[in-house]
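Listed here are the chains, written in short residue letters.
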Amino acid sequence: MSKQKIEVAEQPIAASTQKQAENSGTSHRSGGLVQNLMHGPAGRSLGLVVALVVLVLIGLITSGDRFTSSENMLVILRHASIIGVLSIGVTFVITAGGIDLSVGSVLGLTSVVGSLTAVQAAASDSTWLIMVVVSLLVGAIAGLINGVIIAYGNVVAFIATLATLVAARGLAEIISERRTLLVTNTDFTKFMRADFLGVPVLVWIFALVAAAGWFLLNRTTFGRRTVAIGGNLEASRLAGIKVKRHIVSLYVLVGVAAGIAGLMMMGRTTSGTSTHGYLYELDAIAAVVVGGTLLVGGRGTIMGTVFGVLIFSTLTNVFTQNNMDTSVQALAKGAIIVLAVLLQQRFASGKVRKAKKLPLKV
Amino acid sequence: MLKDENPRPLLDVRGLTKRFGAVQALKGVDLSVLPGEVHCVMGQNGAGKSTLIKTLSGVHQPDSGEIFWDGEKVDLSTPTAALSLGIATMYQELDVVDGLSITENIFLGHERATGGVLHVKKANAIARTLLKRLGHGSLSPSREVGTLSAANKQIVSMARALSRDTKLIIMDEPSAILDAGEVQNLFRVVRELTAQGIAVVYISHRLEEIREIGDRISVIKDGQSTANNMDVADTPKAELIRRMTGRDVSNVFPERTPISVTAPVVLEVTDLELAGHFDKLSFSVRAGEILGFAGLVGSQRSEIIETIYGARKASAGQVTVNGKRLTAGSVTSAVTAGIGLSPEERKSQGLILDEPIYKNVTLSTFERFSRTGLLDEAAERRAASEQIEALELRPADPQRPARTLSGGNQQKILLARWLVHGTKVLLLDEPTRGVDVGARAEIYTLIRRLADAGTAIIIISSEIEEVLGLSDNVLVIDNGQVLAQKTATEIDEHGVLDLVMKGSAA
Ligand SMILES: Nc1ncnc2c1ncn2[C@@H]1O[C@H](COP(=O)(O)OP(=O)(O)OP(=O)(O)O)[C@@H](O)[C@H]1O
Ligand SMILES: [Mg+2]
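Residues numbered from 1 in each chain as written. Chains lettered and ligands numbered in written order. Predicted model: local features only at pLDDT ≥ 70, side-chain atom pairs only at ≥ 80, totals over all residues. Heavy atoms only, no water.

Looking only at helices and strands, chain A has 18 helices and 4 strands in total. Within chain A, buried positions represent 50% of all 362 residues. Sequence-distant contacts in chain A: of pairs separated by 6 or more residues, those separated by 24 or more amount to 79%. A total of about 16,400 Å² of accessible surface is found on chain A, and carbon and sulfur atoms cover 69% of it. (Helix = DSSP H or I, 4+ residues; strand = E, 2+ residues; numbered from the N terminus. Buried < 20%, exposed > 50% of the residue type's maximum accessible area, 1.4 Å probe, protein only. Contact = heavy atoms within 4.5 Å. Areas by Shrake-Rupley, 256 points an atom, 1.4 Å probe, with all protein chains shown as cover.)

Listed below in structure tokens is the structure:
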């Protein structure tokens, strides 16, 4: 048999091939250390840090101490907190290659249900945590509906959550009879409006959600599978991941995030209304994308999202400090989004680069 | 070794059928795999090999038929069901997630974790051991898979199969993307596995490989078993081919036509350089000449032709077609001058999977089928049909979406595209990857016929035999350097490998 003969030649061949394959693997896609760094996660967050520093400098130059005062810093953070919590949730669905347009109106719905007289009555009879549980449950159910329609009904996430965006707002209007419900439970409002170690509770909640989100995405099987599904759904399925179930749980997760944001909103405004969270989904998606999470899925960064949120809220603050028009502000926001996505395409993953390399004119 | 014991089969498949819409992909397939054997499954493109293995890995559900595992009837309703029995599969289309690291890919779906919290260090350590066992210990487990070559991605895929408690590994055309050296490495691993009693189902179109690694062979033709459990050593090649194709195919290369001394130089490459890959590369191809690039994967052969095509921007040097200089880094300039490229990674670079066959065939020429901006789809379909005929593309229906074709037939679409195009210079990167024996001979003939019609052709193939058999002249390339330029008849497979070995030792 020919087997004998070949075994002799096998070691050197294997060894040399390996060396070459390795060479081509590294030298072929990345040109040098600097570029490598820019392409890595460090490079992407570096850009965000630079953007944030530039904004702070602008604030410092235009408004001086007024801007850098610790009160103002807390204003920026408090402003960031509610959108921040939403954005952390949205980071997960976008990383998995999905999208959730309904977070803003689900936020409104949870605030309305959480502030219902019946719920508040039950809360004052026992504990204000009842309100928390109810709001989170409402968020979770909304997410469950989204997830089931998307995963099992095979409806595109964009359409499914667009439907929920409209429907949840409508439901909130029906339940609240288009009135603003006041949050009368003082234990609840006191907690939400309190400071802890000199920092508002709302900011603490954002920090905790961000930390939990970071851990979940980077250190758990759940996070790992989320990235995998966004990167290659078919491969994930073949690897034995229960893809549909996972997708449902992702939408439940973002629904719960909307519930938390709803509670924060009730605390900050001491009210629940169907108009809470209006257009927040756009701010959240913008923050996530600016942060460097790929809109096509397969790569997500919680740190990036936190930076994205901070950049937008600092921007708003700089404009407010200088009494500038909100229209100009919107214009600047738009420019930042485009810039960020352009940068992302330069630095981002092989996915984007490969697509550009296509040697065909389509 | 196995024959005298007559052991119970590990996997026993009886009368499997599967229909996709109008296509009856499997019409009754039997397969019986013994522990510790390498069982080869052979068949032409579209015969149903991948469909068979996908029903065994829980991806597709058979319409009828029975699957026995270790003597017990089983229902493989999900990939998880198959994996937990100990059936691991390396799919024909690479099934890795580019954005994740090597370790993350290996443990995808069965992560090393406690209560959902990952053990990153432990997983990396196991991954490192697995890579070493596969002869690729120098790959870092934390490297992102998207940055790996196709061959190395396959190593990851194999490491994943080994990371589970596996009794049977199914490999669907693993060698299609490997060069000679890597195939030997693969075989070393396969032998190691079978020595431990693990069974391997091995699919390949390369008969020499089957001879070398296989124990028994089963053949599928048009979704039906035509032979089962034939002994590799006792089955002559001609018989195998007959069982697969139902006719006699001579796998010989077409006769070379002597190139006339007056044939003009069509493609001239002078001092071409791509920083970090190759430099000072000069050669020329005359009308009617087939120039072969021989070498191993990673020798930068693909980079060279991609640079000629303008998909990569040359850092120095020039390319001329019929004396006219091309703009570096401009595909448009290359295409206008009459250069065509059939790329190596067809799935990502070449095919629009959801479009019908004919649109894929005419993708780079569809302007030709338009009058005043309106497309003449009927003419497009006619042109595509001609090529479908010539290449024996199956199914021969120009309307079928490219996605539903078998792997080998997808390759043929890309080849058809450039045949329709009528180029002056044709760059072919692995033109027969995954193509069956019968169609291979057709493709060789077609390539030779194009050359005879005056096309200058460059061909890259990992099968050295193919490069030598088809080309007029050969460049042996390693690490971006031309080690030798020879007439194809002057050198044999060993000569090429010797050169490459010496080159990489220096
Ligand atoms: N998902 C699908 N939908 C429709 N038809 C399909 C699908 N998958 C496979 N087929 C068809 O089933 C037949 C068998 O395909 P299969 O991929 O099993 O062939 P194969 O033997 O693996 O070929 P190759 O050697 O080219 O890989 C082909 O006619 C193919 O077009
Ligand atoms: Mg196949």
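As a further point, take the environment of F312 of chain A. Residue and element names in this part refer to chain A. Structurally, F312 is set in helix α16 (residues 302–321). As for F312 and I285, which are separated by 27 residues in sequence, their C-alpha atoms are 12 Å apart. The residues touching F312, leaving out its near neighbours within four places in the chain, are A286, A287, V290, K333, I336 and I337.

A separate point is the coordination of the magnesium ion (ligand 2). Within the protein, S50 of chain B (OG) and Q92 of chain B (OE1) serve as the donor atoms for the magnesium ion (ligand 2), at 1.9 to 2.1 Å. Here the residue S50 of chain B occupies a position in helix α1 (residues 49–56), and Q92 of chain B occupies one in the loop between β6 (87–90) and α3 (102–106), the gap between them amounting to 42 residues. (Donors = N, O, S within 2.8 Å, 3.2 Å for Na, K, Ca; no water.)

On to the site of ligand 1, then. All names here are of chain B. As a matter of local geometry, ligand 1 sits amid 20 residues, with S50, T51, T404, S406 and G408 nearest to it. Between S50 and ligand 1, the recorded distance is 2.7 Å, taken from a side-chain N or O atom to an oxygen atom. H205 is positioned with one of its side-chain polar atoms (N or O) 2.9 Å from an oxygen atom of ligand 1. Taken by itself ligand 1 offers 640 Å² of open surface, and the protein chains cover 85% of this. (Near = heavy atom within 4 Å. Polar contact = N/O pair within 3.5 Å; in protein donor to acceptor, adjacent residues only side chain to side chain.)

Turning our attention to the environment of W204 of chain A. Tracing the backbone shows W204 of chain A in helix α11 (residues 201–219). W204 of chain A sits 127 residues away from L77 of chain A along the chain, and the two C-alpha atoms are 9.7 Å apart.

A separate point is the domain arrangement of chain B. Residues and elements named next belong to chain B. Taken as a whole, chain B is organised into domain 1 (11–245) and domain 2 (265–349 + 422–505). On the side of domain 2, 12 residues touch domain 1, which itself brings 17 residues to the contact. When domain 1 packs against domain 2, close to 1,300 Å² is buried across both sides, 55% of that on carbon and sulfur atoms. Connecting domain 1 to domain 2 are 1 salt bridge. Salt-bridge contacts for E463 lead to R206; the nearest nitrogen and oxygen are separated by 3.2 Å. Run the count over domain 1 and domain 2 and you get 3 residue pairs in polar contact (both at pLDDT 80 or more). Contributions of two or more residues to the side of domain 1 that touches domain 2 are made by α6 (180–195), α7 (207–213) and α8 (237–245). Among the elements that take part in the side of domain 1 that touches domain 2, α6 stands out by supplying 3 residues, more than any other. Each residue belonging to the side of domain 1 that touches domain 2 can be placed in one class, and the counts come to 7 nonpolar, 4 polar and 6 charged. (Domains from an automatic or database assignment. Buried area = accessible area lost by both parts, 1.4 Å probe. Salt bridge = Lys/Arg side-chain N within 4 Å of Asp/Glu carboxyl O. Nonpolar A, V, L, I, M, F, W, Y, C, P; charged D, E, K, R; others polar.)

Here we come to the nonpolar core. Grouped together as the largest cluster of nonpolar side chains are 86 residues, with contacts concentrated most on V85, L86, I88, V90 and F188 of chain A. Among the elements that line this core, the one with the most residues is helix α14 (residues 243–269) of chain A, at 13 residues. Ignoring anything within four residues of it in the chain, the contact list for I88 of chain A reads F206, V209, A210, G213, I302, T305 and V306 of chain A. V319, A334, I357 and W418 of chain B belong to the second largest nonpolar core, which has 64 residues in total. (Core = buried A, V, L, I, M, F, W, Y, C linked by side-chain atoms within 4.5 Å.)

Bringing helix α9 (residues 157–176) of chain A into the picture now. Residues and elements named next belong to chain A. Over its 20 residues, α9 extends 28 Å from the first C-alpha to the last, a length consistent with the 28 Å expected when each residue adds 1.5 Å. Taken as a whole, α9 has its buried residues at A157, A160, T161, T164, A168, R169, A172 and S176. Viewed end-on, α9 has its buried residues packed into an arc of 160 degrees, placing them on one side of the element. Facing away from the buried surface of α9 by more than 90 degrees, the exposed residues are V166 and I174. Its buried side turned inward, α9 meets α6 (103–114), α8 (129–151), β1 (181–182) and α14. Positive backbone phi, at 50 degrees, marks E177, one or two positions downstream of α9. (Expected span 1.5 Å × (residues − 1). Arc of directions from axis to C-beta.)

On to the packing of helix α5 (residues 150–163) of chain B against α6 of chain B, then. All names here are of chain B. At a minimum axis distance of 12 Å, the contact between α5 and α6 shows a crossing angle of 5 degrees. Judged by the angle between their axes, α5 and α6 are roughly parallel. From α5, A151, I155, M158 and L162 reach across to α6, where they touch E182, N185, L186, V189 and L193. Tallied by class, the residues present in the contact of α5 with α6 amount to 7 nonpolar, 1 polar and 1 charged. (Axes fitted to C-alpha atoms, helices over the stretch in contact; angles between N-to-C directions. Parallel < 35°, antiparallel > 145°, perpendicular 65-115°, else oblique.)

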